[in-house]
Amino acid sequence: MTTDSAARSTSRSSAHRRRRLLLVFVLGLVPWSVQTFATGSPALLFPWGLASPATGSVTTITDFFLRFTMGLPDYILAWPVGVACYVVALASALSGVLFGREDVRLTAAGLILAGVTQLEVARGFSVQPGRTAWPVGTVLLWAVAGFLYWSRAGERDAGGSSR
């Protein structure tokens, strides 16, 4: 009976770790900032690059920082810092799936810090005339961080009870 209970618990926690990884992974596919211009054409800032749907152009983050580095404003430098924080969160969640060892606090902290950096990016873009930036990523990163942290706290409480 105890072995069966332990096997179910292990299977359940493995499924939770895979769901956490999926949630964190999806954050890398959504725009972290949406810039709207007075001309009406939006630009989408992803962790991997900048896309302009109106023109169909895409500039990867590596091109942006390795090829187009002349005259970049300081606020844009928060973008790669946020990506680095996101990669830490993703690596933490991945280690939970691969090795069964995830520190959810590290995952959540990486997401929270990535969200903070995107506030700076959005602020910097918004002070330019005719441009507004919406920090969509901040909201999503913080929402997932809160969900991961608090759902993990609930798992610990349930695991520690006498069920």
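Attention here is on the structure that accompanies the text.

What counts, and at which threshold
Residues numbered from 1 in each chain as written. Predicted model: local features only at pLDDT ≥ 70, side-chain atom pairs only at ≥ 80, totals over all residues. Heavy atoms only, no water. Pairing = 2+ DSSP bridges. Helix = DSSP H or I, 4+ residues; strand = E, 2+ residues; numbered from the N terminus. Axes fitted to C-alpha atoms, helices over the stretch in contact; angles between N-to-C directions. Contact = heavy atoms within 4.5 Å. Phe/Tyr/Trp six-rings, centres within 6.5 Å; stacked < 30°, edge-to-face > 60°. Buried < 20%, exposed > 50% of the residue type's maximum accessible area, 1.4 Å probe, protein only. Core = buried A, V, L, I, M, F, W, Y, C linked by side-chain atoms within 4.5 Å. Salt bridge = Lys/Arg side-chain N within 4 Å of Asp/Glu carboxyl O.

This part takes up the sheet that holds strand 5 (residues 131-134). The strand order across the open sheet formed by five strands is 4-3-2-1-5, and the pairing between neighbours is antiparallel. Bordering the open sheet on either side are strand 4 (57-60) and strand 5, each of which pairs with just one other strand. The mean angle between the axes of side-by-side strands here comes to 15 degrees, regardless of whether they run parallel or antiparallel. Pairing analysis gives three bridges linking strand 1 (residues 33-37) to strand 2 (residues 43-45), with the strands arranged antiparallel. Residue pairing in the sheet places S33 in a bridge with L45 of strand 2. Strand contacts of helix 4 (residues 104-126): strand 1, strand 2 and strand 5, with the helix running at about 165 degrees to strand 5, the strand carrying the most contacts.

The next point concerns the packing of aromatic side chains. Any pair of aromatic rings gets described here by the distance separating the centres and the angle formed by the planes. Using the criterion set out here, one finds seven aromatic pairs in the structure. Their ring planes at 80 degrees and their centres at 5.6 Å tell us that W32 and Y86 sit as a pair that is edge-to-face. With W32 in the loop between helix 1 (2-26) and strand 1 and Y86 in helix 3 (residues 78-99), this pair connects stretches of sequence that are 54 residues apart. Neither W32 nor Y86 differs from the other in exposure class; each is buried. Ring geometry for F64 and F65: centres 5.4 Å apart, planes at 70 degrees, overall edge-to-face. Classification of F64 as buried rests on a relative accessible area of 15%. Note on F65: relative accessible area 17%, which makes it buried. Aromatic rings pair up to connect F64, F65 and W79 into one cluster.

Every other side chain in a regular strand lies on the same face of the sheet, so the side chains alternate between the two faces. Sheet topology note: the strand 2/strand 3 (residues 49-52) ladder contains two bridges and is antiparallel. Its bridge partner lying in strand 3, L44 is registered against A51. Counted along the chain from strand 2 to the antiparallel partner strand 3, the turn is three residues long. Note: strand 3 against strand 4, four bridges, orientation antiparallel. Among the inter-strand pairings, A51 is bridged to a residue of strand 4, identified as V58.

Further remarks concern the nonpolar core. I76, W79, Y86, L111 and L141 are the most contacted members of the largest nonpolar core, which totals 29 residues. Elements with a contribution of two residues or more to this core: helix 1, helix 2 (61-66), helix 3, helix 4 and helix 5 (136-160). Residues within four places of L141 in sequence aside, it is in contact with L27, W32, Y86, L111, A114 and G115.

Glancing now at the pattern of salt bridges. Overall, the coordinates contain four salt bridges when judged by the stated rule. D63 is the partner of R67 in a salt bridge, and the nearest nitrogen-oxygen pair spans 3.5 Å. Overall, R67 belongs to the exposed group, its relative accessible area being 58%. Of the charged contacts, one joins R105 and D103 as a salt bridge, the two residues approaching to 3.0 Å between their closest N and O atoms. Residue classification places D103 among the partly exposed positions, given a relative accessible area of 33%.

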